[in-house]
Amino acid sequence: MTLSQTLEEMSRSHIHGQAATCTFSRDLLSNEDVPIDKRAGKECFGFACRVCAHTTACRCGVYQGYWEIDDRYKHLLIENEKQIIPS
């Protein structure tokens, strides 16, 4: 994923998330005939969706549960980072 794609996804998730509660954001999408993302009303919606184990089902509106990190991204969590002890 390029930096431009990353920034676009972040902006998109922010606007869609705000559209669930903000008339300006909702109207911005409505004026462009862009439907609000099915995940927008979920508490866990946002950039974390990029690494969620349920991203496809959730994006389709099938998965109603909460965010869960996909196993292939767990190594990126700070809590799983190896501690480097200075010598």
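Refer to the preceding data block for the structure.
Reference entry: report on the structure contained in this document. (Residues numbered from 1 in each chain as written. Predicted model: local features only at pLDDT ≥ 70, side-chain atom pairs only at ≥ 80, totals over all residues. Heavy atoms only, no water.)

## Considerations on the overall build of the protein chain
So, step 1. Scanning the protein chain for helices and strands turns up three helices and zero strands.
So, step 2. Counting from the amino terminus, the protein chain carries its helices and strands in the arrangement α-α-α.
So, step 3. A compact globule built from 87 residues would reach a C-alpha radius of gyration of about 12 Å, whereas the protein chain, at 16 Å, exceeds it by more than 25%.
So, step 4. Dimensions along the principal axes, computed over C-alpha positions, put the protein chain at roughly 60 × 30 × 20 Å. (Helix = DSSP H or I, 4+ residues; strand = E, 2+ residues; numbered from the N terminus. Rg over C-alpha atoms; globule rule 2.2 N^0.38 Å.)

## Structural notes on the environment of His16
So, step 1. Inspection of the secondary structure assignment puts His16 in helix H1 (residues 3-19).
So, step 2. In the structure, His16 is positioned 30 residues away from Gly46 in sequence and 8.9 Å away in space, judged by C-alpha atoms.
So, step 3. When neighbours within four sequence positions are excluded, His16 is seen to be in contact with Leu29, Val34, Pro35, Ile36, Asp37, Ala40 and Phe45.
So, step 4. A distance of 2.9 Å separates a polar side-chain atom of His16 from the backbone nitrogen of Asp37. (Contact = heavy atoms within 4.5 Å. Polar contact = N/O pair within 3.5 Å; in protein donor to acceptor, adjacent residues only side chain to side chain.)

## Focus on the packing of H1 against helix H2 (residues 23-31)
So, step 1. Packing of H1 against H2 brings their axes to within 7 Å, and their N-to-C directions diverge by 115°. In terms of orientation, H1 and H2 fall into the roughly perpendicular class. The hand of the H1/H2 crossing is left-handed. Of the residues in H2, those in contact with Ile15, His16, Gln18 and Ala19 of H1 are Ser25, Arg26, Leu28 and Leu29.
So, step 2. Among the residues making up the contact of H1 with H2, the classes are represented as four nonpolar, three polar and one charged. (Axes fitted to C-alpha atoms, helices over the stretch in contact; angles between N-to-C directions. Parallel < 35°, antiparallel > 145°, perpendicular 65-115°, else oblique. Left-handed = near helix turned anticlockwise from the far one by under 90°. Nonpolar A, V, L, I, M, F, W, Y, C, P; charged D, E, K, R; others polar.)

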